[in-house]
Amino acid sequence: MATLLLVLLSLLLEFLIVKAVIIHPHDGYLDKACIEVERKALLEFKHGLEDPSGWLSSWVGADCCQWRGVDCNNQTRNVVKVDLRNRDYLYSNGLGGEISDSLLHLKYLSYLDLSFNDFQRIRIPNFLGSFERLRYLNLSNANFGGTIPPHLGNLSRLHYLDLNGGYSYISLTIGIYNLNWLSGLPFLKYLDMGNVNLSKATTNWMQPINMLPSLLELHLSRCVISDFPHYSDPNPFVNLTSLQVIDLSYNNFNTTLPGWLFNITTLRGLYLKGAIIQGHIPHENLQSLRTLITLDLSDNNITSEVIVLVNGLSICCNNSLEELHLGFNGLSGELPDSLGNFNNLRSLDLSYNSFGGPLPNSIQHLTNLESLDLSRNSLSGPIPVGIGNMLRMKRLDLSLNLMNGTIPNSIGQLRELTELNLDWNSWEGVISEIHFSNLSKLEYLSLHLSPKTKKQPFRFHVRPEWIPPFDLKYIDISNCYVSPKFLSSNCLKTQKRLVYITLKNVGMSDTIPEWLWKQDLYRLDLSRNRLYGKLPSIISSGSNLLVDLSFNRLAGRLPLWFNVTWLFLGNNLFSGPIPLNIGDSSSLKVLHVSGNLLNGSIPPSMSKLEGLVVVDLSNNHLSGKIPKNWNDLHWLRTIDLSKNKFTGGIPSWMCSMYSLSWLKLSDNKLSGELSPSLQNCTWLYSLDLGNNRFSGKIPKWIGERMSSLRQLRLRGNMFTGDIPERLCGLFHLHILDLALNNLSGTIPKCLGNLTNFTFMKLLAMGFDDDKTYIVYSDHDDMAYITYSNHMELVVKGQDMEFESILPIVNLIDFSGNNLWGEIPEGITNLSKLGTLNLSCNELTGKIPQKIGDMQGLETLDLSCNRLSGTIPPSMSSITSLSHLNLSHNLLSGPIPSTNQFSTFNDPSIYEANLGLCGIPLSANCSTPNDQKHKDDQDAEEDEDGRYMTWFFISMGLGFPVGFWVVCGSLALNKSWRHAYFLFIDETMDRLYVFIMVNMVRLKRKIKRVGFH
């Protein structure tokens, strides 16, 4: 029995073995190790690499086919694939070191991937061109440097080649001089040489590309290519008959699109983003792209009418096109109804163009659309009600337009919506619960409206007890109206995933609830409301937090929060000293507490805030001296200590930091001469020391060493001496304010060389030097915190504070000094100077005749000088002039009456110029006819004057002559004298008798009349 059992077991075992051999005839090779020569080659390769993360720790043992990233042929056990791609590249640099030529022992290698590692700019080895069986080679984003070896052209079986150099903020680290070696790759289907410097390659880069008949995808983005060949033949021979994808983004073509590009009828994806494509795109060229799925022409200078472009695409590929990106161009016109013809469109980006008019109602037919970005245009009118038909919509961005009207309730039907951005429009009415009733997937909500005051502001109205169907991550509601107790409502309290909260200028009047400080936030902006109460001493919100509670009514001591990185508490009612241990808040990058009631001195511990970028302690009651121990604050970019009571001088450490660009110490009690250490501030953009007690001469080195200065404000000090001519070397200067000092001498003639006053500046949409930018992470991407610098200037006779428009203010103010001499003619070269104030000096001479060339002048004040002559006629051509003061001078002649002068009706701007005449003065000026009449009158008056003169002369001579003729005769002849006086006596007696007789008669008559 036992023997029979053994026989049966033996037969069963033999059957199983035979079955295994029949079913899996090759599985026996699994017991074999890899080829020993190849194993040793891999170990030698490993030995040359640097592996800080230990990724190759599995490369031990006899069977290299089991090692990480190594695949072998199941039959021969030869290594056929080495995949060492760093898939964790966001958090690890991956492999580095040298690439050993021992890899050449891998004779059957067909796949090699070393992408996303860090080889620290070593050259790609020449021997990589010796793998005869290689079909896939990926060396992208691995930080190789130098020149790509042309030996790669020997890989005749290659199908896939990715040499993308990886994006660099500085410059491309890898390049090539020749592309002709590509002709040795006849089977190549995929070629990516993005971020490789091809500027020194042959000018006709298309020629070797055209030799690749099997090519399906071509990626040459950011390659510094400047030549986009335009063949003279209208139908050039293009051999790329299979090409499906072309990516030439971010090159420097600076030309129109060549016609041959539209002859590649197999194209499914065309990417030319940021390639400096110019001009129009003929709509007939677009009609051949019948298989196009993706068209990305964004970030160029295409100036076609949008109707031409959209109509052309709708004819050829209305059923195939899925992605259309035309943002950041110069497209204009109204969006046409044909936009609704793209049945399969999933993504539409028309942002940053010049579209106007309303949204076409046909847009509701884009029922497959998932992303719509129409931001940064001039679209007007309301949102079409039919937008509720776009049920697949996930992202809707209509921000920064001129749209108005009410927001339709139908927007609440977009069940898939995750992002809704309606910023910076002029919405009316109310947005309420019904608009959000079905938006259960909403994560991003932004209603940051224009801050312009409206009679009936837009309202975000929900019941306090309402619980929304969504769970937001991001909410921004600004410059509209919410309920005063919105912070305490269920609408906000139930949002457990919130990381970003901005409720700015929305009329809230409440204390800040405790639950808000327990959210895992990275941004909290409740500025410009009426919040009150005290802040907690400790908060448990997330790290690297931004808190902006400025412009409220919060009070108490300044809080000390260790997990806050950006702290904006300006314009509140905080009082007391700055916490002594503020240096323990080591993560602080921005400390903005201006406009409070803080007192005391700056604590020494602030020197520990080594990451500080902005410190603004202005407009408080701080005193003492500016600390001298901030030498370790190497990242400081902006320092504002203005409007306090600081004394002493400027410490030398301030200019030991190359990052410092904005220094504002105005309105304190600082004194002494300017320290020579300031000349080390070579990167300073703005220096404001106004209204202090600085003395001495203005140093020449300001113009020699501080060449980056845009703004120089030294007004209200006690500086003496001349204005240094070296200041004329500050070619970036657009604000020069030296008013109210004791400066003397003449105005430098070289002032006309300040070239920044000769061209028009526009407010930049991007970065500018009058803002401070601090990089931060918003969990998904990199973003920037901006701190807007500001300055007080005297413009149009008034003290004004400039902030957002400060970069375009052009001002020269030398008023209130002792300057003498003439106004230099060269100053009229400053054609875009906006304010010129030379008042209250001792200037003489005439107003420059070419002053009319200063077409940018809005304010001109030359009062309280000793200027003479007439007002130049050219001044009337300055049509921008709105504030003028020429009073208290020695000017004469008529006041111009044309253009702007007809609006100057205040006579005080001309007063104390005795020779001026004309409107609005009471002194009239003479016309030619008036002058002729006046001459005639003068002639008559002169004739009458002569007669009167002779008359008085005759009287003067006649009286003494007559007197002595009569009296002399009586005195000399006695008989004549006796006869004369006898005649006089008789005459007097007769006259007396006559009078008395008549008086008696008159009395009698009166009595008779009285009796009756």
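Residues numbered from 1 in each chain as written. Predicted model: local features only at pLDDT ≥ 70, side-chain atom pairs only at ≥ 80, totals over all residues. Heavy atoms only, no water.

1. Considerations on the confidence of the model for the chain
When pLDDT is low, close inspection of the predicted coordinates is not appropriate. Per-residue pLDDT for the chain has a mean of 86; in total, 84% of the residues score no lower than 70. The low-confidence segment residues 764-770, where pLDDT is below 50, has 18 contacts with residues more than four positions distant or belonging to other chains. Here residues 1008-1012 is modelled with pLDDT under 50, and outside its nearest four sequence neighbours on either side it reaches zero contacts, counting other chains as well. (pLDDT = per-residue confidence, 0-100. Contact = heavy atoms within 4.5 Å.)

2. Digging into the sheet that holds strand β22 (residues 378-381)
To summarise the sheet geometry, strands pair through backbone hydrogen bonds and adopt either a parallel or an antiparallel arrangement. The strand order across the open sheet built from five strands is β18-β20-β22-β24-β26, with neighbouring strands paired in parallel fashion. Lying at the two open borders of the sheet, with one neighbouring strand each, are β18 (332-334) and β26 (426-427). As paired elements, strand β24 (residues 402-405) and β26 share two bridges and run parallel to each other. Residue pairing for β26: Asn404 is matched across the bridge by Ser426. (Pairing = 2+ DSSP bridges. Helix = DSSP H or I, 4+ residues; strand = E, 2+ residues; numbered from the N terminus.)

3. Let's talk about the side chain of His790
Structurally, the position occupied by His790 is in the loop between β53 (782-788) and β54 (791-795). Of the residues examined, His790 reaches a relative accessible area of 12% and is grouped as buried. For His790, the side chain forms a polar contact with the side chain of Lys664, separated by 3.2 Å. Setting aside its immediate chain neighbours within four residues, His790 contacts Asp616, Asp640, Trp662, Lys664, Glu801, Phe802, Glu803 and Leu806. (Buried < 20%, exposed > 50% of the residue type's maximum accessible area, 1.4 Å probe, protein only. Polar contact = N/O pair within 3.5 Å; in protein donor to acceptor, adjacent residues only side chain to side chain.)

4. Some points on the pattern of salt bridges
This model, assessed by the stated rule, comprises 20 salt bridges. Note that Arg463 and Glu465 form a salt bridge whose closest N and O atoms lie 3.7 Å from each other. We classify Arg463 as partly exposed; its relative accessible area is 41%. A salt bridge links Asp471 to Arg497; the nearest nitrogen and oxygen atoms lie 3.7 Å apart. In this pair, Asp471 sits in the loop between β29 (459-460) and β30 (474-478) while Arg497 sits in the loop between α6 (490-493) and β31 (500-504), placing the two residues 26 residues apart along the sequence. On the accessibility criterion, Asp471 (23% relative accessible area) is partly exposed. (Salt bridge = Lys/Arg side-chain N within 4 Å of Asp/Glu carboxyl O.)

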